[in-house]
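So you can see what is in the structure, the chains are spelled out below.
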Amino acid sequence: MGNARYMNWLVLLRAFLSIGAMREWLDVLILGVIEGVTEFLPISSTGHMLLAKEWLRYKPDELFLAVVQSGAVLAVLMVFTDRMRQIARDWRERETQQFVFKLAAAFLVTALGGLVLKKLDFELPEDPTPVALATLIGGILILWIEWMIRGKNLQDTVTWPVALAIGAGQLLAVIFPGLSRSGTAIMLGLALGIARRPATEFSFLLGIPTLLSAGALKSYEALRESQITVDWLLIAWGTLIAAVTAFIAVKWLLRFVQSHTFNGFGWYRIILGIAILLAIQFG
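This one's a predicted model, so the numbers in the text were calculated from it and none came from an experiment. (Residues numbered from 1 in each chain as written. Predicted model: local features only at pLDDT ≥ 70, side-chain atom pairs only at ≥ 80, totals over all residues. Heavy atoms only, no water.)

Student: Please explain the overall build of the protein chain as it appears in this structure.
Tutor: A tally of helices and strands in the protein chain yields eleven helices and zero strands. The order of helices and strands in the protein chain, counted from the N terminus, is α-α-α-α-α-α-α-α-α-α-α. For 283 residues, the compact-globule formula gives about 19 Å, and the C-alpha radius of gyration of the protein chain, at 21 Å, lands near that figure. Dimensions of the protein chain, computed from the C-alpha atoms along their principal axes, are close to 85 × 45 × 40 Å. Within the protein chain, the proportion of its 283 residues that are buried is 45%. With an accessible surface of roughly 15700 Å², the protein chain has 67% of that area assigned to carbon and sulfur atoms. Charge-centre separation for the protein chain: the mean point of 24 positive side chains lies 5 Å from the mean point of 21 negative side chains. (Helix = DSSP H or I, 4+ residues; strand = E, 2+ residues; numbered from the N terminus. Rg over C-alpha atoms; globule rule 2.2 N^0.38 Å. Buried < 20%, exposed > 50% of the residue type's maximum accessible area, 1.4 Å probe, protein only. Areas by Shrake-Rupley, 256 points an atom, 1.4 Å probe, with all protein chains shown as cover. Lys, Arg positive; Asp, Glu negative; His and termini not counted. Charge placed at Lys NZ, Arg CZ, Asp CG, Glu CD.)

Student: Help me out: how do you make sense of the packing of helix α4 (residues 81-89) against helix α5 (residues 94-119) in this one?
Tutor: It is at 9 Å that the axes of α4 and α5 come closest, and there the two elements cross at 120°. In terms of axis orientation, α4 runs oblique to α5. For the crossing formed where α4 meets α5, the hand is left-handed. Along its contact with α4, which presents R83, Q86 and I87, the element α5 presents T96, F99 and V100. Across the contact of α4 with α5, the residue classes break down as three nonpolar, two polar and one charged. (Axes fitted to C-alpha atoms, helices over the stretch in contact; angles between N-to-C directions. Parallel < 35°, antiparallel > 145°, perpendicular 65-115°, else oblique. Left-handed = near helix turned anticlockwise from the far one by under 90°. Contact = heavy atoms within 4.5 Å. Nonpolar A, V, L, I, M, F, W, Y, C, P; charged D, E, K, R; others polar.)

Student: Even after reading the chapter, I still don't get the environment of P128, so can you show me in this structure?
Tutor: Considering the arrangement of structural elements, one finds P128 in the loop between α5 and α6 (129-149). Counting along the chain gives 81 residues from P128 to G47, while the straight-line C-alpha distance between them is 8.5 Å.

Student: Please clarify how the environment of G207 should be interpreted in this entry.
Tutor: With respect to the helices, strands and loops of the structure, G207 is situated in helix α9 (residues 196-224). The buried category is assigned to G207, whose relative accessible area is 0%. A sequence separation of 134 residues divides G207 from V73, and the C-alpha atoms of the two residues are 7.0 Å apart. Residues in contact with G207, not counting those within four places in the same chain, are V73, R181 and L212.

Printed below as a string of structure tokens:
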């Protein structure tokens, strides 16, 4: 009788643990979808992750977010396969070399700035209010920039000053999470006179070294800190989901910008920022 009761409790415990594990995998699935969709759309992945963390049982740390971002990079590589081949094929042409050097310079600005922030022990704010405000303000800036460039002839070539400005703009997204890395890069390009398609393409390609290096650094730090327990299987699952959803999002946005403005994203961010602020205010 006692053994039978023990076995029943054991079966229930295993079922509970199994349900808990399934819940974690489902939560990571949701987080991967959110990351894949929001990383390259100008709508603030940080703001969406902030909301998701409040609702989900699984709480992603900085390592999870950095590595899963790398999955989104895989999507960019797949979308821009032809562009990468063209760069490799036409490497000797001056225009191709200039484009690659501009990408490298923009990344260098971001990387050096990131190292300075790390040296200063900069940490992301725990308080969600700055993220909400950055999301809201970013939406207002999108509407303002769209109004400012209305009717203007925009150029198709990313110039050196614009490339360096976009590199610095990525740092603003680090300092003020909620601004959106891709959103800041794209809108800076537009504000400085670059057409939608080349500004978007430059932002996406610049995200490849930026996000990969961030993921690699966080992974190295986690492996070096032996006391940190990392569930790499869950992280791999989230990375795969982020790659698939980012591929769809990037393909869609590249088509979208050919005939639409970013005003819809601006209004969406304003609503999202207000929603987060209200959620903070009313608990």
